[in-house]
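As a plain string of letters, each chain reads:
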Amino acid sequence: MSLNFTPVVLSQSRIQLHIATEVTDVDTSHTFEISGTSGVPGFRTRKNERRSSCRQALDRVGRLISTQSQQAINGVPGLMNLPVLGSLFRSRDYLRQETSS
């Protein structure tokens, strides 16, 4: 993740920002092979570059935020599906990942 900005004073009441943002995530949906090792994940990169006023620029940077949530249910086969008592034989795992610029 990177954020680069350059403020430029245009006049006493006007400031322009040149903002360049870049966010890179691991992308397991695209894998490739390196030196005989297969299944090496690729990367997904999102970039944004703008020149605008302070208010507009900060709004655009916020659009690069990404949230991913996953839930896994594990348990004893058969017993975890019982009404009422099934909750004693299963567990839920939650995973939440956020990237921001």
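Provided above is the structure to which this section pertains.
Here is a short report on the structure shown in this document. (Residues numbered from 1 in each chain as written. Predicted model: local features only at pLDDT ≥ 70, side-chain atom pairs only at ≥ 80, totals over all residues. Heavy atoms only, no water.)

### Here's the deal with the sheet that holds strand E2 (residues 15-34)
The strands that make up a sheet are held in pairs by hydrogen bonds between backbone atoms, and each pair lies either parallel or antiparallel.
Line of reasoning, step 1. Spatial strand order, E1-E2-E3: three strands in an open sheet with antiparallel pairing. Whereas interior strands pair on both sides, the edge strands pair on one side only; in this sheet they are strand E1 (2-9) and strand E3 (37-53). Recorded for the sheet is a direction-independent mean angle of 15 degrees between the axes of neighbouring strands. (Pairing = 2+ DSSP bridges. Helix = DSSP H or I, 4+ residues; strand = E, 2+ residues; numbered from the N terminus. Axes fitted to C-alpha atoms, helices over the stretch in contact; angles between N-to-C directions.)

### Considerations on the environment of valine 8
Line of reasoning, step 1. With respect to the helices and strands, the residue valine 8 is situated in strand E1.
Line of reasoning, step 2. For valine 8 and arginine 51, which are 43 residues apart along the polypeptide, the C-alpha to C-alpha distance reads 9.8 Å.
Line of reasoning, step 3. With sequence-adjacent residues up to four places away left out, valine 8 is seen in contact with Arg14, Ile15 and Gln16. (Contact = heavy atoms within 4.5 Å.)

### Section: the pairing of E3
Line of reasoning, step 1. Bridge count for E2 against E3 is 15 bridges, and the pairing is antiparallel. What sits directly across from alanine 20, in E3, is glutamate 49.
Line of reasoning, step 2. Linking E2 to E3, which pair antiparallel, is a turn of two residues; within it serine 35 sits at a positive phi near 50 degrees.

### So, unusual backbone geometry
Line of reasoning, step 1. Here the phi dihedral of serine 35 falls at roughly 50 degrees; this positive angle occurs in a residue that is not glycine.
Line of reasoning, step 2. With respect to the helices, strands and loops of the structure, serine 35 is situated in the loop between E2 and E3.

### Describing the pairing of E2
Line of reasoning, step 1. Where E1 and E2 come together, eight bridges link them in antiparallel fashion. Among the inter-strand pairings, serine 2 is bridged to a residue of E2, identified as glutamate 22.

### Describing the environment of glutamine 68
Line of reasoning, step 1. Here glutamine 68 shows up in strand E4 (residues 66-75).
Line of reasoning, step 2. Sequence-wise, glutamine 68 and glutamine 97 are 29 residues apart; in three dimensions their C-alpha atoms are separated by 5.2 Å.
Line of reasoning, step 3. Dropping the residues within four chain positions of it, glutamine 68 is found in contact with Arg44, Leu95, Arg96 and Gln97.

### Notes on the pattern of salt bridges
Line of reasoning, step 1. As enumerated under the stated definition, the model contains three salt bridges in all.
Line of reasoning, step 2. Residue arginine 44 pairs with aspartate 25 through a salt bridge whose shortest N-O separation is 3.4 Å. Taken as a pair, arginine 44 in strand E3 and aspartate 25 in strand E2 lie far apart in primary sequence, 19 residues in all.
Line of reasoning, step 3. Overall, arginine 44 belongs to the partly exposed group, its relative accessible area being 32%.
Line of reasoning, step 4. Here the residues in one salt-bridge network are Asp25, Arg44 and Arg46, joined through shared partners. (Salt bridge = Lys/Arg side-chain N within 4 Å of Asp/Glu carboxyl O. Buried < 20%, exposed > 50% of the residue type's maximum accessible area, 1.4 Å probe, protein only.)

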